[in-house]
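The primary structure of each chain is shown beneath.
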Amino acid sequence: MPSFEEFVAEIRPLWDTRWLSNRGALHRRLESELGTRFQTSNIALFSNGHLALEAIIEAFELTGEVITTPFTFASTSHALVRKGLTPVFADIREEDFTLDPASIEALITPRTTAILPVHVYGNLCDVDEIQRIADQHGLKVIYDAAHSFGVTRNGRSSAMFGDASMFSFHATKVFHTIEGGAAVVKDPQLVERLYELQNFGITGPESISTVGGNAKLNELAAAMGLCNLRMLDDEIARRKTAYDTYRDRLDGVAGLYIPSIGEGVVHNYPYLPVQINPKRFGANRDEVFAALAVNGVGARKYFAPLVSEFDAYEGRFDPADTPIALRISREILALPLYANLSVEDVNYICDALLAAGVRQQ
Ligand SMILES: *Cc1c(COP(=O)(O)O)cnc(C)c1O
C-alpha cells in the first residue's frame, strides 16, 4: 500500500469534482499509464479481473468448448461455465506448469472456439506454439494473465499475446487497485464494446445497445492503482531479492524444483512455487506444509485441488485426464513472497523447510 498521505493526496480532487465512478479522471489517467506498461491503448478497466474475463468471452461471442488448464484459480473455468461454455481441460508442462500445446491439439473438436491458457505464477505460456495451433484451427486465444502484470519477454509485454488478455488488480496481486482488473484486446474496435458490457450496455443517454452488466472501476480504486504504479518497480525489485535468496538456498536440493525464468524474460516474482518430490526430498508436500505451519510460516497449497476436482463440478470432469497437473497439484507449495519479506525471514523459512525433509528420512 502507498502511504496514507499519498493516497489521500490522490483522492483529494474527488471532493471537488464529486465524480466517483463511470470512467472519471483517475480512471482515464490509470488507463493511460497502464497503456505504457502494456504497450497498447486497447484497454478496458474493470471492477475486477474475473468480470473482465467474462466480458472478453461475451465480446467474442464464444460458444461451445474452450480448451483451458485445470491448474489455475477458480475464476478461469468459472468464467467459461458462467457464460454457458464447456471447459475442456488439457494437461500442463512439467517445466513451467503452463498449458501444454502438445495436449491442446488432440482435444480440438468442431465445437471448439477458443483456447484459454494461464500465465501461471507469471511464467509465460508457449505463446508462439499456442498461436500456431489457434491459427491453424481458427480459434481465439484469450490469456488469463492475472499473474503476469509487468512481465515481458524480449521487451514485449505479456499483454501483447493472443487476441485478448485478462489482468487482475486484486489486493493480493503484484499490482493492485484494491479490487480491479483489465481486459487488453488486439482489436481496438472491441474496447468500446467491453465498456458497454461493463455498464449495462449504455451507449448514450437514451440508448441501451446490449444486455450488459455492471463491472466499472471506481475512482478510489483507480487512485490506489495510480499510487501503486509509482511503487511497482521498487516492489518487484524487493520481491526479486527475496526470490534470489530462496533460489540460493533451494536450488540443487534433491527433490525440490522451482521453475526457472525463461530466456529474455523480465519477471514480476508474484509467487514462490516449489514442487516437492516426496521420495527424493524425504517428505511430501502436506508434511512440509504442516512443518512450516508449526514454525509459524503460512505457505499455500496453490493450486490444489485442481479445478476439475472442485465440488462445484462434481461428476463433470475426470482429474485423471490431466495426470501431470494432478501430480503437480499434490506436490506444489507456494512459499511466502512479498516485498517486505526480509532475507533473514527467507532463511528461516528455508531452514524449516529443509529440516522437514531431513526429519522424515
Ligand atoms: C486473481 C486471479 C483471477 C481473478 O481475478 P479477480 O481480480 O480476483 O477477479 C483470475 N485468474 C487467476 C489465475 C488469478 O490469480
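Before reading further, recall that the structure is shown in the block above.
The following paragraphs examine the structure supplied in this document. Note that the structure is predicted; figures quoted are calculated from it, not measured. (Residues numbered from 1 in each chain as written. Predicted model: local features only at pLDDT ≥ 70, side-chain atom pairs only at ≥ 80, totals over all residues. Heavy atoms only, no water.)

Examining the sheet that holds strand 6 (residues 152-153)
Point 1. Taken in spatial order, the three strands line up as 7-6-13 in an open sheet, and their pairing is antiparallel. Of all strands in the sheet, those with a lone pairing partner are strand 7 (156-157) and strand 13 (265-266), marking the two edges.
Point 2. Note: strand 6 against strand 7, two bridges, orientation antiparallel. Pairing of T152 across the sheet is with S157, part of strand 7. (Pairing = 2+ DSSP bridges. Helix = DSSP H or I, 4+ residues; strand = E, 2+ residues; numbered from the N terminus.)

Regarding the packing of aromatic side chains
Point 1. By the definition in use, this model includes 20 aromatic pairs.
Point 2. Ring centres of Y121 and Y271 lie 6.0 Å apart, and the angle between their planes is 70 degrees; this geometry places the pair in the edge-to-face category. Of this pair, Y121 sits in the loop between strand 4 (112-116) and helix 7 (127-137) while Y271 sits in the loop between strand 13 and strand 14 (272-276), and the two are 150 residues apart along the sequence.
Point 3. Owing to a relative accessible area of 1%, Y121 belongs among the buried residues under this scheme.
Point 4. Here a set of aromatic residues connected by ring pairs shows up, and it is made of F71, F97, Y121, Y257, Y271, Y302 and F303.
Point 5. If you follow K301 out to its NZ or CZ, it ends over the ring of F289, 4.5 Å from the centre. (Phe/Tyr/Trp six-rings, centres within 6.5 Å; stacked < 30°, edge-to-face > 60°. Buried < 20%, exposed > 50% of the residue type's maximum accessible area, 1.4 Å probe, protein only. Lys NZ or Arg CZ within 6 Å of the ring centre and 35° of its normal.)

A word on the environment of C227
Point 1. Here C227 lies in helix 9 (residues 219-250).
Point 2. Under the relative-accessibility criterion, C227 is labelled buried at 0%.
Point 3. In this structure the C-alpha to C-alpha distance between C227 and E105, which are 122 residues apart in sequence, comes to 43 Å.
Point 4. With residues near it in sequence (within four places) discarded, C227 still touches P2, E6, F7 and E10. (Contact = heavy atoms within 4.5 Å.)

Quick word on unusual backbone geometry
Point 1. That bond from Y302 to F303 is cis: its omega, 15 degrees, falls within 30 degrees of zero.
Point 2. Tracing the sequence through the fold places F303 in the loop between helix 11 (285-294) and helix 12 (323-331).
Point 3. Cis geometry is adopted by the peptide bond preceding P305, which originates at A304 and carries an omega value of 0 degrees.
Point 4. Summarising the element assignment, P305 is placed in the loop between helix 11 and helix 12.

Details of the sheet that holds strand 12 (residues 256-257)
Point 1. The antiparallel open sheet is built from three strands, whose spatial order is 12-14-15. With one partner strand each, in any of the chains shown, strand 12 and strand 15 (332-335) form the two edges of the open sheet.
Point 2. By the bridge criterion, two bridges tie strand 12 to strand 14 in an arrangement that is antiparallel. Bridging from a neighbouring strand, L256 pairs with I276 of strand 14.

None of the figures reported here should be taken as evidence of function without further support.
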